[in-house]
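Residue strings, one per chain:
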Amino acid sequence: MNKKGLAILLRSKMRPLSLVSKVNQLQHAPLERNVSATQNASIKTERDFGQVRESMHSVISMNKKEILDTALNEFSEGYFSLSKENRRKLLLILAREYDLNRSKVRDLMKQYVGLEIPNGDETDEHGREMDGHLSAFYRIERNLRHALKPMYEVLFERLNTHPGGLKFLASVRADILSIIADENVASIRALDSYLKEKLITWLSPANLELHQITWDDPASLLEKIVAYEAVHPISNLIDLKRRLGLGRRCFGYIHPSIPGEPLIFIEVALMKNIACTIQEVLWHDPPTPECEATTALFYSISSTQPGLAGVNLGKFLIKRVIYLVKKDMPNIHNFATLSPIPGFMQWLLSKLASSERSGPIFCENILKPEEERALLDAYKDSTTGKSGMEVLLHLLTSTNHEWTRSDRLMTVLEPILLRLCARYLVLEKKRGKALDSVANFHLQNGAMIGRLNWMADRSENGLSQSGGIMVNYIYSLEHIEDYAQAYFSTGHIQASPDVHHHIQSPERSEDPIN
């Protein structure tokens, strides 16, 4: 093993604990026998919190650059030294005490409503009289725009221009999201919304560099790929080298403020055809010669920053990679994904469980009569008094997915699960958009649901999430913008005839999968 491979292995296997983990370890460390030492530590913790709070106030209120830089450093270092609970306390103070001045906003609105809109007949040919009447509107509108900005905007803006500040803000937002997950606090949600809007602006594609990640990149960068691969974990150095080698591509977005660390990265396999299983992608050896490849298959996209959730960097990344690959390799004309369906089994089990609770009269029977008969016939155990829905629930919740070991059950379940999966992807919606998060992501990017693949991912995670089913989303260059616009405006989901055939919907798409 060369020095680089050893470095990646050691760094990825022996990554330092996160600051929160370190704090948690300290919190659970054995108590000192000396009570006074414990009291001193408690006093120090409180004093440290007060210092961090004071440095935060200084960043917001000060204007002298020399003092401001010192305050920014003290705040960012001090924030990471706080316990999880103290971070929560500090963020609540930020959200509530440094919000906008609503009394001032209300007074300005009263002034604005009290103004009389000038009559257009009162102007001369140069509009001088009108300008005079409107000057009061312009003045109050300007003051309103200023008053509607919360004080914590100053903190965000100054941190963004400070070295390391953008990554720090992403960490802060990760903490904010953690608070929101535990409790619904209106002020914290407003803080999150404002910071998210700022991050979207600062992380626009114009500010990001598209970097092709190769084995020649520094070990510190490759370690990030190993650590943050969220869809198909990288098992070893050979696996990593394969994903960066011949017939493969890996691209990431890098921001100048966070050098050497991709904010998001996507893995691509160059193949002759659109793959049906993840095994043929991960273990495709030898790979297709690049000159013979006709398909670019996106099989994994991962974010390295939890605090950037909801900042859709993947939308721009996929489109830029498509056009870059097309430019460099004219022989590539198919662009598709092999994607997981993370919410399918959860949705299906919920349907089946509600049936068991509600009884046959009040619930929807999601099985067709012929499917129910076939399922009861194939199930060897006693089915006396059991419905097909009960049997299906029992099978899908069995230990170690025992149903996958029976050819007979697999044959019966394949059309059932494929039909229900097609229904889930195409028909099940939330607020007018696809219920499945991955489907929603690709559809809003302009993709079409192309094909469902049976037993495409036999891993524990694949079987638990979607019964082993994966889906190909197709990116057709000539239709990307039209499909994205139709989905955005009406929620219309483009799907191939193959997918519609599973659910026997009268609605048909004209675009077959290649």
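Anything mentioned here points back to the structure above.
Residues numbered from 1 in each chain as written. Predicted model: local features only at pLDDT ≥ 70, side-chain atom pairs only at ≥ 80, totals over all residues. Heavy atoms only, no water.

Chemist: Can you lay out the overall build of the chain for me, pointing to particular residues and giving the numbers?
Modeler: A count of helices and strands for the chain gives 22 helices and nine strands. The buried share of the chain, reckoned over its 514 residues, is 47%. Counting contacts in the chain only where the partners sit at least 6 residues apart, residues at least 24 apart contribute 71% of the total. Element-wise, carbon and sulfur atoms account for 53% of the exposed surface of the chain, whose accessible area totals about 26,900 Å². (Helix = DSSP H or I, 4+ residues; strand = E, 2+ residues; numbered from the N terminus. Buried < 20%, exposed > 50% of the residue type's maximum accessible area, 1.4 Å probe, protein only. Contact = heavy atoms within 4.5 Å. Areas by Shrake-Rupley, 256 points an atom, 1.4 Å probe, with all protein chains shown as cover.)

Chemist: Describe the layout of surface pockets, listing the residues and the values that go with them.
Modeler: The space that makes up the largest pocket amounts to roughly 1,200 Å³. Lining the largest pocket are 34 residues, and of these Ala309, Gly310, Ser437, Val438 and Phe441 lie nearest its centre. Breaking the lining of the largest pocket down by element, the ones donating at least two residues are β3 (264–271), β4 (295–303), α14 (313–328) and α19 (437–444). Across the lining of the largest pocket, the residue classes break down as 19 nonpolar, 13 polar and two charged. (1 Å grid on protein atoms, 1.4 Å probe; cavity = no way out; pocket = protein on both sides within 12 Å on 5 of 7 lines; lining within 4 Å. Points joined across faces, edges and corners; volume = space filled by probe spheres on them. Nonpolar A, V, L, I, M, F, W, Y, C, P; charged D, E, K, R; others polar.)

Chemist: Lay out the pattern of salt bridges in plain terms, naming residues and giving numbers.
Modeler: Following the criterion strictly, the structure yields 18 salt bridges and no others. Note that Arg87 is salt-bridged to Asp175, the shortest N-O span being 2.9 Å. Of the two residues, Arg87 is situated in helix α5 (residues 84–97) and Asp175 in helix α9 (residues 165–182); the sequence distance between them amounts to 88 residues. The salt bridge involving Glu290 is made with Arg249; its shortest N-O contact spans 2.9 Å. Taken together, the residues Glu290 in the loop between α13 (278–282) and β4 and Arg249 in strand β2 (residues 248–254) connect sequence positions 41 residues apart. (Salt bridge = Lys/Arg side-chain N within 4 Å of Asp/Glu carboxyl O.)

Chemist: Please provide a residue-by-residue account of the packing of aromatic side chains, values included.
Modeler: By convention here, two paired aromatic rings are described through the distance between centres and the angle between planes. For the coordinates displayed, the defined rule picks out 13 aromatic pairs. Ring geometry for Tyr79 and Phe168: centres 5.5 Å apart, planes at 85°, overall edge-to-face. A residue pair is termed long-range when its members are at least 10 positions apart, and Tyr79 in helix α4 (residues 65–81) and Phe168 in helix α9 qualify at 89 residues. The burial state of Tyr79 is the same as that of Phe168; both residues are buried. Taken together, a centroid distance of 5.4 Å and an interplanar angle of 90° make the contact between Phe80 and Phe168 edge-to-face. Within this pair, whereas Phe80 is found in helix α4, its partner Phe168 is found in helix α9, the two being separated by 88 residues in sequence. Under the relative-accessibility criterion, Phe80 is labelled partly exposed at 25%. (Phe/Tyr/Trp six-rings, centres within 6.5 Å; stacked < 30°, edge-to-face > 60°.)

Chemist: Could you give me a rundown of the environment of Leu427, with the residues and numbers involved?
Modeler: Within the secondary structure layout, Leu427 lies in the loop between α18 (407–426) and β6 (429–430). Looking at Leu427, the relative accessible area reads 49%, which means it is partly exposed. C-alpha separation for the pair Leu427 and His492, spaced 65 residues apart in sequence, amounts to 9.9 Å. Not counting residues up to four positions away in its chain, the partners in contact with Leu427 are Ala422 and Ile503.

Chemist: Outline unusual backbone geometry, supporting the account with residue identities and numerical values.
Modeler: A positive phi is found at Asn400, a non-glycine position, where the angle reads about 60°. In this fold, Asn400 is placed in the loop between α17 (388–396) and α18. Exposure remark for Asn400: the relative accessible area of 53% places this residue in the exposed category. With phi around 55°, Arg431 is a residue other than glycine that occupies positive phi space. The residue Arg431 is located in the loop between β6 and β7 (433–434) in this model.

Chemist: Give a description of the packing of α19 against helix α21 (residues 480–490) that names residues and reports values.
Modeler: Closest axis-to-axis distance for the α19/α21 pair is 8 Å, and the angle between their directions is 125°. In terms of their interaxial angle, α19 and α21 are classed as oblique. On α21, the residues that touch Asn440, Leu443 and Gln444 of α19 are Tyr483, Ala484 and Tyr487. (Axes fitted to C-alpha atoms, helices over the stretch in contact; angles between N-to-C directions. Parallel < 35°, antiparallel > 145°, perpendicular 65-115°, else oblique.)

Chemist: Explain the environment of Arg423 residue by residue, including any values.
Modeler: With respect to the helices and strands, the residue Arg423 is situated in helix α18. Judged by relative accessible area, which is 14%, Arg423 ranks as buried. Sequence-wise, Arg423 and Val499 are 76 residues apart; in three dimensions their C-alpha atoms are separated by 9.0 Å. Those residues in contact with Arg423, other than ones at most four positions away along the chain, are Trp347, Lys351, Glu364, Ile366, Glu428 and Ile503.

Chemist: If you had to explain the packing of α5 against α9 to someone new, which residues and values would you point to?
Modeler: Where α5 meets α9, the closest approach of the two axes is 10 Å, and the angle between their N-to-C directions is 95°. By the angle between their axes, α5 is roughly perpendicular relative to α9. Contacts between α5 and α9 involve Lys84, Arg87, Arg88 and Leu91 on the former and, on the latter, Val172, Asp175, Ile176, Ser178 and Ile179. In terms of residue class, the contact of α5 with α9 is built from four nonpolar, one polar and four charged.

Chemist: Before we move on, can you summarise α9 with the specific residues and values?
Modeler: For α9, which comprises 18 residues, the first-to-last C-alpha distance of 26 Å matches the rise-based estimate of 26 Å (1.5 Å per residue) to within 8%. Restricting attention to buried positions, one finds in α9 the residues Gly165, Leu166, Phe168, Leu169, Ala170, Val172, Arg173, Asp175, Ile176, Ile179 and Ile180. Summarising the contacts, the buried residues of α9 are in contact with α4, α5, α8 (152–160) and α10 (186–202). (Expected span 1.5 Å × (residues − 1).)

Chemist: Describe in detail the pairing of β3, supporting the description with residues and values.
Modeler: By the criterion of burial, β3 is predominantly enclosed, with eight of the eight residues buried. Of the two faces of β3, the one lined by Ile264, Ile266, Val268 and Leu270 and the one lined by Phe265, Glu267, Ala269 and Met271 are each fully buried. Summarising the sheet, β2 and β3 pair through six bridges and their orientation is antiparallel. Residue pairing for β3: Tyr253 is matched across the bridge by Ile264. (Pairing = 2+ DSSP bridges.)

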